[in-house]
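One-letter residues, chain by chain:
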Amino acid sequence: MWYFNLAFTRLFDALVWPFRVWPAGGLLFVSVVAGVAMLLIFKVTSNQRAIRRTRDLIRAHMLAMRLFRDDAAVVVESQKKVLRTNLTYLRYAVVPIVFILPVVVLIMVQLNLRYGPAPARPGEAVVVKAVFEGALDEGATLAASPEVAVETPALRIPYEREADWRVRPLEAGTFELVLKSRGKDWGKKLVVGPPAVGRVSSRRVSGVWAQLMNPGERPLSSNLKAIEVKYPSRENKILGLRVHWIITFFVVSLVAAFALKGVFRTEV
Amino acid sequence: MAKIKIDGELWERVKKVAEAAGYASPEEFVTHVLEKETAALEGAGADEEEIKKRLQGLGYIS
Amino acid sequence: MKRRDFLKVTGTGAAVAAAGGVAPLLEACAGKARPLGRKVVVLAIDGMDPELVRRFVARGGMPTFKKFIEGNAFMPLGTSLPPQSPVAWSDFITGAGPGVHGIFDFIHRDPETMLPYLSISRSTPPSKTVKLGRLVIPLTGGKVENLRRGPCFWEVLARNDVPAVVFKCPSNFPPVKVRAKTVSGLGTPDIRGTYGTFSYYTDDPPADADEFTGGECIPIRLWEEAFTADLTGPANTFRENSPPAKLRLTVYRDPTRDVAKITWGGDEVILKKGEWSGWHRVRFKLAGPLADAVGMVRFYLKEVRPHFRLYVSPVNIDPLEPALPISTPSKYAAQVARRAGRYYTQGFPEDTKALSHDVFGEEEYLAQAEIVLRERLACLDETLADFDDGFYYFYFSSIDQNTHMMWRTMDPKHPLYRPDAPPEVKGAVEHFYRAMDGALARTLAKVDDRTTFFIISDHGFAPFYREFNVNTWLLDNGYIALADPFRRAETEFLDNIDWGRTLAYGLGLNSVYLNLRGREPRGIVEPEEAAALAAKLAAELEAYRDPETGKRVLVKVYKSRDCYRGPAAAEAPELVLGFARGYRLADDSAAVEFPKRICKVREDKWAADHCIDPPHVRGVLFCNKPVAAKAPALKDLAPTILKEFGLEPPREMTGRPILA
């Protein structure tokens, strides 16, 4: 799983690399690429002919409604048919959507790495959280390099199997936090710096599914479910407006897909 | 049920108003008015507390 | 209007909800004006007292002031009548007296409804709404109004292209819409619409928890070392009857260590015992995802065990995302905050109420006051760095609030003096004077030979040993009659008054009104009898002596007819009380309550004040130019500043330029 994550992450690094100085541009570019990818997957995995036929049918029924709008019986019958054909259309769309969804999720996971959390700011405290697989290790401690002050002892919440610390980075950079528990060390990256710095992974996790969702760091081995840094949220501005990256992603990828469906000769 | 005394002239006026306003009886009208006024005054009590709190948020008054 | 409705109108919280944090009401842009030769800089230090300056300078703690005094003007500055901050700063802003600006006291009453309100600003909820299930959708925006009238001197500056910075000037909320960089000061509410309401979460609530003012005690019970409780936000006008919006806090405590975590809406903060957090954003949902109100709080973890005690600051308007207009241009508050860090936006940020109610100990209060000071100094640095031309005004509340609270610790004659208090408590007032020395040093760096520089305060200070209840005095002397004398103990805020037999009543901190026919709804004093009655009352009050000390309580009772001129003069209270040093109006008198005793010893820690006879609490005036006026007063400054820029003061300004 780690190597899959690594490869996918590197691919995205390459995609957004040209936009180092304009991060929002990277988001827009990836969204357009995602729109095209969705379009192509749709084209390949769907029954294009059937879809075209269904759409023509819907159009025909609509036309019938307009032409015979004086004849109530025809209008009602056409309306029924429009509805029924729409359901047929949806049935044809199910298969391609099943193929598109995982791809979209993987893209969103990657985008979250880059546009979700912002790096911690020098001088500003963040919370670091360890969640144990089994019972909480009451003696767990957190260590860090001298550039990061661990300001509190562990706050332990036994029934959540959780231990929390407050750490305060003193300067910008990428630092290693070390969780010491039951004779073992577990590392977690802490990214500190100006908000423009690239990937920020908030969680290092164990478990296949969790890894897929949190691809930024090597997986943890068992005993520990996750180590998480509660980073501040990143402020993403599109044309000077603060917009959540998920909204940008959905709007731009859908607009791109619809705008380019002619170019890729795809029926949607 | 408690009984109260009421001035005869007022009672005549109450009867007239109650009838004009479509109440089934002057008693119903009186009960309604008393209920309304009592509720308003009870409510006002709680608000007074709020008014006081708001003004007393000013450091000068405790 | 019913008493109930008054609340909605007073509640700035309602306006927060109505604005929904969506659209800032004010939008003005501070364009770059033509460069000017002149600069005028005003350092405004609320409550700085000339005598205390002399004392602390003599002790050597204020070297910059000492040096400044040696070569420049230093004299007392006449204050306003009455010497209350909103009145005094309105004098300063308008260059005129209360007869022009209409602010006569902290508290006014609506003569139509006889309901009291805070005089600086008023907010009105949206007038037209539509109900949708449990939702109430506003069709018109609510509004917040600045109630000060008359001219505003920086408006004149802006009109003449003089760039201006006015940071936190009192009596300027919402800020006057002007092409200048301004941030509102005293009068700016917290998000609930109050002057500041803290929240105190504890499993050991004090006996008087229900009587907290300026704060709320929320009793909690820990279960498995955790609890959940609500933080109260603004009145939610999107709901029927506008209930307060709430934010759920979940708090965890370590099983053995003195450390706790507070979480809310996806955010969390960890604190050790005795630690303060930075500012944290809190978001109150008003109508699902459609409307919210954003504010910010600081947490203070007072104790973890055996008892849990968590203090949460009043929810301040966040300068980064203001829920109400607090600056011009509307982005200016954020611009300062981004560089200087977030800062308290509520009018008087020092939490004097937390100290009065023993939620803070002395040292804890001083630590909070220090945070306020530190933030303000950061804003001073930031705004000074940004200033190179025109007019600059910067305001400090530290001396005022801390002298109110800490005078008792340095005055052995004070009934609340504790000889065994630690030196930092006894030296608190002096400490904040010394801090102003630092502020002066930073400001002087910007003062050159083309700068006219002032340090001013709106009033000085006096100890507050004993309280006087003018309403009890009026009742005892037959000027007030109660509708139900048996409810005397519960009477407050002008209820239970038999207006048909009442001639005069006290309201606010210095005001006595006559029950005037034609003005008060059930007035009985004929207008032609008013002057004689006012004179009689004034004479009797001036003659009154405190039965315990034998001293006169009121040095002078001012008849407003002789003192106020201008379009607002008719709204003035007929009498303004000029207390002797050592006395002030009792809190319960300001709330129109009638305790048995007229005079009693002051027991609250707010035990120094300035709402007394103006000549006894004059402020300070320092200036780097010779002052020609014999007795300069606050209202003279606006015309003086305008003249420095070669501008003619508007006709309403009755003050006169003071420089030679």
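Residues numbered from 1 in each chain as written. Chains lettered and ligands numbered in written order. Predicted model: local features only at pLDDT ≥ 70, side-chain atom pairs only at ≥ 80, totals over all residues. Heavy atoms only, no water.

Draft legend 1. Representation of the overall build of chain C in the model. The number of helices and strands found in chain C is 18 helices and 33 strands. Computed over the C-alpha atoms, the radius of gyration of chain C is 25 Å, within 12% of the 26 Å expected from 2.2 N^0.38 for a compact globule of 660 residues. Viewed in the frame of its principal axes, chain C has a C-alpha envelope of about 65 × 65 × 60 Å. Taken across its 660 residues, chain C has 64% of its residues classed as buried. (Helix = DSSP H or I, 4+ residues; strand = E, 2+ residues; numbered from the N terminus. Rg over C-alpha atoms; globule rule 2.2 N^0.38 Å. Buried < 20%, exposed > 50% of the residue type's maximum accessible area, 1.4 Å probe, protein only.)

Draft legend 2. Geometry of the sheet that holds strand 18 (residues 291–297) of chain C. Residues and elements named next belong to chain C. Read from one edge of the open sheet, 3 strands run 17-18-21, paired in antiparallel fashion. Two strands lie at the open edges of the sheet, namely strand 17 (280–287) and strand 21 (316–317), each paired on one side alone. For strand 17 and strand 18, the ladder comprises 7 bridges, and the chain directions are antiparallel. Of the residues in strand 18, the one forming a bridge with R283 is V294. (Pairing = 2+ DSSP bridges.)

Draft legend 3. The arrangement of the side chain of T472 of chain C in detail. Here T472 of chain C shows up in helix 14 (residues 470–476). With sequence-adjacent residues up to four places away left out, T472 of chain C is seen in contact with R488, E593, F594, P595, K596, R597 and I598 of chain C. (Contact = heavy atoms within 4.5 Å.)

Draft legend 4. Spotlight on the pattern of salt bridges. Within the structure shown, the criterion is met by 68 salt bridges over all chains. For the salt bridge of E151 of chain A with R166 of chain A, the shortest nitrogen-to-oxygen distance reads 2.7 Å. Here R166 of chain A lies in strand 5 (residues 162–169) and E151 of chain A lies in the loop between strand 3 (148–150) and strand 4 (155–157), a separation of 15 residues in the sequence. When its relative accessible area of 8% is taken as the criterion, R166 of chain A is described as buried. The salt bridge involving K188 of chain A is made with E217 of chain A; its shortest N-O contact spans 2.6 Å. Pair noted here: K188 of chain A is in strand 7 (residues 184–192) and E217 of chain A is in the loop between helix 5 (208–213) and strand 9 (224–229), with a separation of 29 residues, a long-range link. By the burial criterion, K188 of chain A is buried, and E217 of chain A matches it. Shared partners join several salt bridges into a network, and the residues in it are E467, R584, D587, D588, K600, R602 and D609 of chain C. (Salt bridge = Lys/Arg side-chain N within 4 Å of Asp/Glu carboxyl O.)

Draft legend 5. Helix 1 (residues 8–20) of chain B, seen in detail. For helix 1 of chain B, spanning 13 residues, the distance from its first C-alpha to its last is 19 Å, which sits close to the expected 18 Å at 1.5 Å a residue. Looking one or two residues beyond helix 1 of chain B, the residue adopting positive phi is G22 of chain B, at roughly 85 degrees. (Expected span 1.5 Å × (residues − 1).)

Draft legend 6. Summary view of the packing of helix 1 (residues 2–16) of chain A against helix 4 (residues 72–115) of chain A. Residues and elements named next belong to chain A. Where helix 1 contacts helix 4, the axes come no closer than 11 Å and their chain directions differ by 65 degrees. With respect to the hand of their crossing, helix 1 and helix 4 are arranged in right-handed fashion. Each of F4, N5, F8, T9, F12, D13 and V16 in helix 1 lies in contact with helix 4, whose residues at this interface are L106, I107, Q110, L113, R114 and Y115. (Axes fitted to C-alpha atoms, helices over the stretch in contact; angles between N-to-C directions. Left-handed = near helix turned anticlockwise from the far one by under 90°.)

Draft legend 7. Geometry of the domain arrangement of chain A. All names here are of chain A. For chain A, the domain assignment lists domain 1 (2–116 + 242–260) and domain 2 (126–229). Of note, the centres of domain 1 and domain 2, computed from C-alpha atoms alone, are 37 Å apart. Our count for the domain 1 to domain 2 interface comes out at 1 salt bridge. When the shortest N-O distance is used, the salt bridge between R199 and D13 registers 2.8 Å. Remark: the boundary between domain 1 and domain 2 carries 3 residue pairs in polar contact (both at pLDDT 80 or more). (Domains from an automatic or database assignment. Polar contact = N/O pair within 3.5 Å; in protein donor to acceptor, adjacent residues only side chain to side chain.)

Draft legend 8. Layout of the sheet that holds strand 23 (residues 390–396) of chain C. All names here are of chain C. Strand order in the open sheet formed by 8 strands is 2-33-24-1-23-9-10-22, with mixed pairing between adjacent strands. Edge positions in the open sheet fall to strand 2 (73–77) and strand 22 (327–328), since each of these has one partner strand only. Bridge count for strand 24 (residues 451–456) against strand 33 (residues 619–623) is 3 bridges, and the pairing is antiparallel. Opposite I456, over in strand 33, you have L621 as the bridge partner.

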